[in-house]
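One letter stands for each residue in the lines below.
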Amino acid sequence: MTVTAAELKMNLGKYLVLAETEDIFISQNGKVSVKLVNNNQDRVEAMKSLFGCISDDITLEEAMEERAKI
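Residues numbered from 1 in each chain as written. Predicted model: local features only at pLDDT ≥ 70, side-chain atom pairs only at ≥ 80, totals over all residues. Heavy atoms only, no water.

Draft legend 1. Fine view of the overall build of the protein. When you go through the protein residue by residue, the secondary structure sums to 4 helices and 3 strands. The buried share of the protein, taken over its 70 residues, is 10%. Taking the intrachain contacts of the protein between residues at least 6 apart in sequence as the baseline, contacts between residues at least 24 apart amount to 9%. (Helix = DSSP H or I, 4+ residues; strand = E, 2+ residues; numbered from the N terminus. Buried < 20%, exposed > 50% of the residue type's maximum accessible area, 1.4 Å probe, protein only. Contact = heavy atoms within 4.5 Å.)

Written as structure tokens, this is what we have:
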């Protein structure tokens, strides 16, 4: 989503909430100059990519033993 700097200034709270789920590009004088992103987005995507990698029937101890082998 792209918004002007003036629009961002008038509705900052709205765009802070939206930035939790999507990138907000801020334009000034017709050019995009800033990208507002969620600080935790990389962590969330990493966790989503790992979800389901370990079977449900493995114990913590077994998982730790497997990790120690690497």
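Draft legend 2. Representation of the pattern of salt bridges within the structure. Tallied over the entire structure, the rule returns 1 salt bridge. Note that K35 and D23 form a salt bridge whose closest N and O atoms lie 3.5 Å from each other. Taken together, the positions of K35 in strand β3 (residues 31-36) and D23 in the loop between α2 (12-18) and β2 (24-28) put the pair 12 residues apart, joining distant regions of the chain. Given a relative accessible area of 47%, K35 falls into the partly exposed group. (Salt bridge = Lys/Arg side-chain N within 4 Å of Asp/Glu carboxyl O.)

Draft legend 3. Representation of the environment of I26. Structurally, the position occupied by I26 is in strand β2. Not counting residues up to four positions away in its chain, the partners in contact with I26 are V3, T4, A5, L8, K31, V32, S33, V34 and L36.

Draft legend 4. Fine view of the side chain of S27. Of note, S27 is situated in strand β2. When its relative accessible area of 13% is taken as the criterion, S27 is described as buried.

Draft legend 5. Here's a closer look at the sheet that holds β2. Read from one edge of the open sheet, 3 strands run β1-β2-β3, paired in mixed fashion. With partners counted over all chains shown, the strands left at the sheet margins are β1 (2-4) and β3, one partner each. Pairs of neighbouring strands in the sheet enclose a mean axial angle of 35°, with direction left out of account. Inspection of the sheet shows β1 paired to β2 by 3 bridges, in the parallel sense. Its bridge partner lying in β2, T2 is registered against F25. (Pairing = 2+ DSSP bridges. Axes fitted to C-alpha atoms, helices over the stretch in contact; angles between N-to-C directions.)

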